[in-house]
Amino acid sequence: MKSVVGLVKVEERVADAVREAMELAEWRRFITAGADVSLKVNLGWDMFMPGAVTSPWVVEGIIQTIREEVGSISVVESDQVLVDCERAYRAAFMDRVCRRYNVPFVNMSRGRFERVKLDAGRVLHEIDVPEILLRTEMITVPVIKTHDKTTITGPIKNQWGCLDKLRHQYHLVVNDALVDLNRVVTPRFAVLDATVGMDGNAPKSGRPRVVDRVLASGDFVALEAIQAHIMGFDPARIEHIRKCAGAGLGQADLAQIDVRGENYRALDFDFAPAQHNLVSQVEL
């Protein structure tokens, strides 16, 4: 069977586009009724910069879509060496959404970890996994951006924030580390915030780009392949996408992906690739 991706243009309310994309991608096939759910957002920058982090309006749309059919919902993220994710949570106005729906925010860097051994790991042979991810079903909620180390960042790279805050030490082997990581903390479902993204010197200091789209899928690799295409990149030339597909984590062959909704082949937002800058050099 082909992997399914929902692709919806935002017309009026972002929440409506989120619900439609999730329904097109048949989210109930992947999220167990009554399960506790973690929404793994991207809060990788604690200064206000449109497109640098997951938008609160997309998170609100997910909460509205699933809240009557799941158990508890938590929004989760981790600190970085240069970034306090709790400050980012407030700067992005995510705190207002969480208060409105009584959804807790969990800084995974300050919680418990459990060590998970990984047989035949490429570069990671054991991973300290935040305990909350082992008892909830994860929906990964990245934002559409370029990246100076992986060309793009999306539903695959978003799990990078599930490692401890010193994860930058793996940047030289990032593509293999992403395969290992996603074998252990595999998202059940993915929703891509493509309302406002970032190109150029992303993921933190690039140029905001209005795309006005929401994408969703139960196959996070397929979703990132479609994301790459609409950004103007060939997914077959992006190493972490190719390696995750080769490891059986999802589908990257565009011919084997059923995109429902808008015709993705008619879209090319021509994102400018990222270059190394001061921020990325410090994080090496």
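Let's shift gears to the overall build of the protein chain. A count of helical and extended segments in the protein chain gives 9 helices and 12 strands. For 284 residues, the compact-globule estimate of 2.2 N^0.38 gives 19 Å, and the protein chain sits close to it at 17 Å. Buried positions account for 60% of the 284 residues belonging to the protein chain. Summarising the internal contacts of the protein chain: among those between residues at least 6 apart in sequence, 76% fall at separations of at least 24. Total accessible area computed for the protein chain in this model is approximately 11800 Å², and 47% of it derives from carbon and sulfur atoms.

Moving on, we get to a negative patch on the surface. On the surface, a cluster of negative charge is contributed by Glu11, Glu12, Glu20 and Asp212. Examined against the element boundaries, Glu12 turns out to sit in the loop between strand 1 (3-9) and helix 1 (14-24).

Of all hydrophobic cores here, the largest spans 51 residues; its most connected members are Leu133, Leu215, Ile226 and Ile241. Counting residues per element, this core draws most heavily on helix 7 (residues 220-231), at 9 residues. Sequence-distant contacts of Ile241, defined by excluding residues within four places in its chain, comprise Ile152, Ile156, Val221, Glu224, Ala225, Ala228, Pro235 and Ala252. Counting residues in hydrophobic clusters, the runner-up holds 44 residues, among them Leu39, Val58, Ile62 and Ala92.

This part covers the packing of helix 1 against helix 2 (residues 56-66). Contact geometry of helix 1 with helix 2 gives a least axis separation of 8 Å together with a crossing angle of 55 degrees. In terms of orientation, helix 1 and helix 2 fall into the oblique class. In terms of crossing hand, the pair formed by helix 1 and helix 2 is right-handed. Here helix 1 contributes Val14, Ala15, Val18, Arg19 and Met22 to the contact with helix 2, which in turn contributes Trp57, Val58, Gly61, Ile62, Gln64, Thr65 and Ile66. Taken together, the residues of the contact of helix 1 with helix 2 break down into 8 nonpolar, 3 polar and 1 charged.

Take the environment of Val174 next. Mapped onto the fold, Val174 is located in helix 6 (residues 174-184). Taking the C-alpha atoms as reference points, Val174 and Arg207, 33 residues apart in sequence, are found 24 Å from one another.

Right, let's talk about the pattern of salt bridges for a bit. All told, the structure shown has 24 salt bridges when counted by the stated rule. Residue Glu86 is joined to Arg110 by a salt bridge in which the shortest nitrogen-to-oxygen separation is 3.1 Å. Pair noted here: Glu86 is in helix 3 (residues 85-91) and Arg110 is in the loop between strand 4 (105-107) and strand 5 (113-117), with a separation of 24 residues, a long-range link. With relative accessibility at 23%, the residue Glu86 sits in the partly exposed group.

With that out of the way, let us pick up the packing of aromatic side chains. Here a ring pair, both rings aromatic, is described through the centre-centre distance and the interplanar angle of the planes. Summed over all chains, the structure comprises 3 aromatic pairs. An angle of 40 degrees between the planes, with centres 6.0 Å apart, marks the rings of Phe30 and Phe189 as tilted. Remark: Phe189 occurs in strand 10 (residues 189-199) and Phe30 occurs in the loop between helix 1 and strand 2 (37-41); sequence separation between them is 159 residues. With a relative accessible area of 1%, Phe189 lands in the buried category. Pairing Phe48 with Phe93 gives two aromatic rings, centres 6.3 Å apart and planes at 65 degrees, and the pair type is edge-to-face. Of this pair, Phe48 sits in the loop between strand 2 and helix 2 while Phe93 sits in the loop between helix 3 and helix 4 (94-100); the two residues are 45 residues apart in sequence, bridging distant segments of the chain. Looking at Phe48, the relative accessible area reads 59%, which means it is exposed. Over the ring of Phe271 we find Arg209; its NZ or CZ atom is 4.8 Å from the centre of that ring.

Conventions adopted
Residues numbered from 1 in each chain as written. Predicted model: local features only at pLDDT ≥ 70, side-chain atom pairs only at ≥ 80, totals over all residues. Heavy atoms only, no water. Helix = DSSP H or I, 4+ residues; strand = E, 2+ residues; numbered from the N terminus. Rg over C-alpha atoms; globule rule 2.2 N^0.38 Å. Buried < 20%, exposed > 50% of the residue type's maximum accessible area, 1.4 Å probe, protein only. Contact = heavy atoms within 4.5 Å. Areas by Shrake-Rupley, 256 points an atom, 1.4 Å probe, with all protein chains shown as cover. Patch = residues over 30% accessible without salt bridge, like charges linked within 9 Å, V, L, I, M, F, W, Y side chains within 5 Å. Salt bridge = Lys/Arg side-chain N within 4 Å of Asp/Glu carboxyl O. Lys, Arg positive; Asp, Glu negative; His and termini not counted. Charge placed at Lys NZ, Arg CZ, Asp CG, Glu CD. Core = buried A, V, L, I, M, F, W, Y, C linked by side-chain atoms within 4.5 Å. Axes fitted to C-alpha atoms, helices over the stretch in contact; angles between N-to-C directions. Parallel < 35°, antiparallel > 145°, perpendicular 65-115°, else oblique. Left-handed = near helix turned anticlockwise from the far one by under 90°. Nonpolar A, V, L, I, M, F, W, Y, C, P; charged D, E, K, R; others polar. Phe/Tyr/Trp six-rings, centres within 6.5 Å; stacked < 30°, edge-to-face > 60°. Lys NZ or Arg CZ within 6 Å of the ring centre and 35° of its normal.

Everything listed here is a matter of geometry and, on its own, says nothing about what the molecule does.
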